[in-house]
Amino acid sequence: MKYTEESLKIKYNELKPLFERTCTNVKEVLTIFLKENNVPFLAVSTRVKDFSSFYLKIDRKKYCNPFNETEDFCGSRIILYHLSDIVKVNQIIRKEFDVQNNEDKTDKLNVNEFGYRSYHFIVKLKDKWLETPNYRGLKGIKIEIQVRTVLMHAWAEIEHKLGYKNKDQVPKELRRKLFLISAKLEEADGQFQELVRDIGDYQNELISKAEKKGRFTSNEFNLNTIQALLDFYFPEHEKREYATLESLKEIRSLEIPLTKVVEYVEKLK
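Residues numbered from 1 in each chain as written. Predicted model: local features only at pLDDT ≥ 70, side-chain atom pairs only at ≥ 80, totals over all residues. Heavy atoms only, no water.

1. Description of the pattern of salt bridges
At step 1: Applying the stated criterion to the full structure yields nine salt bridges.
At step 2: Note that Asp 72 and Lys 57 form a salt bridge whose closest N and O atoms lie 3.2 Å from each other. Of the two residues, Asp 72 is situated in the loop between helix H3 (66-69) and strand S2 (74-80) and Lys 57 in helix H2 (residues 51-61); the sequence distance between them amounts to 15 residues. Taken individually, Asp 72 and Lys 57 each receive the classification buried, so the pair is uniform in this respect.
At step 3: Between Lys 209 and Glu 205 there is a salt bridge; the shortest N-O distance is 3.6 Å. One end of the pair, Lys 209, and the other, Glu 205, are both in helix H6 (residues 172-213), four residues apart, so they sit about a helical turn from each other.
At step 4: The class of Lys 209 is partly exposed, set by a relative accessible area of 43%.
At step 5: Overall, the relative accessible area of 44% leaves Glu 205 in the partly exposed class.
At step 6: Shared partners join several salt bridges into a network, and the residues in it are Arg 47, Lys 49, Lys 57 and Asp 72. (Salt bridge = Lys/Arg side-chain N within 4 Å of Asp/Glu carboxyl O. Helix = DSSP H or I, 4+ residues; strand = E, 2+ residues; numbered from the N terminus. Buried < 20%, exposed > 50% of the residue type's maximum accessible area, 1.4 Å probe, protein only.)

Following this line, the structure appears as structure tokens:
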């Protein structure tokens, strides 16, 4: 069927309110899922694909049935701090949505290449959601969900700003420099993940020593020792980084030694 730009725009404007409602609801529910599963995140964002982008994509992709073939009218992006949390979020998406397709963009890179990294899902809302007022009328609408770390996002934004859609569009004399930048960001992602693991090991070691001695001891006074102290004496407490940081600032401002803090905590117990 032959479409004119005008006929496409009329239908797009008819469907746009549904796309907007889908984006609003998906952003809210993704945020809830992340918080419920204790996954720290920088941002959850959504956007409705604008008509100009949609129209250009039809020509680029040679779509015959553009409204059925376009899968990203509703786009959502989750930006995480930790590389390991990508696996958790991917599992959440598979559990909570009707996944139509998924792709790890890293798989498109050769072993000697570096570049755009992200996890993309094409999903639909599950039928049981459609029974609630917020989701009525949204059956069949596809949603693209991108999952990436802060550093993956940084690279994607830089690459987008430069206007390169793929490596073949990059001048050969600049390609090596771009790959090098991407490689450094990928390496940094791995190093941040190692740092997160090392912090966990450090706190667990403090707790293990305290369990053997029956009392918390440490020669250092920092955010991680305070967190380990709280975990040892109050294992059921709700972990909130901001509250722990504020506690550390307050104790330091009073110039109270860690031994006195331990004595006070033991009295509370």
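2. Considerations on the pairing of strand S4 (residues 119-124)
At step 1: Of the pairings in the sheet, the one linking strand S3 (residues 98-104) to S4 comprises six bridges and is antiparallel in character. Opposite Asn 102, over in S4, you have Phe 121 as the bridge partner.
At step 2: Both S4 and strand S5 (residues 143-149) contribute to a ladder of five bridges, which runs antiparallel. Across the sheet, the residue bridging to Tyr 119 is Val 147, located in S5. (Pairing = 2+ DSSP bridges.)

3. A closer look at the environment of Leu 15
At step 1: Relative to the helices and strands, Leu 15 resides in helix H1 (residues 5-36).
At step 2: Considered as a pair, Leu 15 and Phe 73 are 58 residues apart in the sequence and their alpha carbons are 9.7 Å apart.

4. Things to note about the packing of H1 against H2
To describe two helices that pack against each other, one gives the angle between their axes and the distance between the axes.
At step 1: Close contact between H1 and H2 brings their axes to 11 Å; oriented N to C, the two are set at 130°. Taken together, the axes of H1 and H2 are oblique relative to one another. Read as a crossing pair, H1 and H2 show a hand that is right-handed. Across the interface between the two elements, Glu 5, Leu 8, Lys 9 and Tyr 12 of H1 pack against Phe 51, Phe 54, Tyr 55 and Ile 58 of H2.
At step 2: Class assignment for the residues of the contact of H1 with H2 results in six nonpolar, no polar and two charged. (Axes fitted to C-alpha atoms, helices over the stretch in contact; angles between N-to-C directions. Parallel < 35°, antiparallel > 145°, perpendicular 65-115°, else oblique. Left-handed = near helix turned anticlockwise from the far one by under 90°. Contact = heavy atoms within 4.5 Å. Nonpolar A, V, L, I, M, F, W, Y, C, P; charged D, E, K, R; others polar.)

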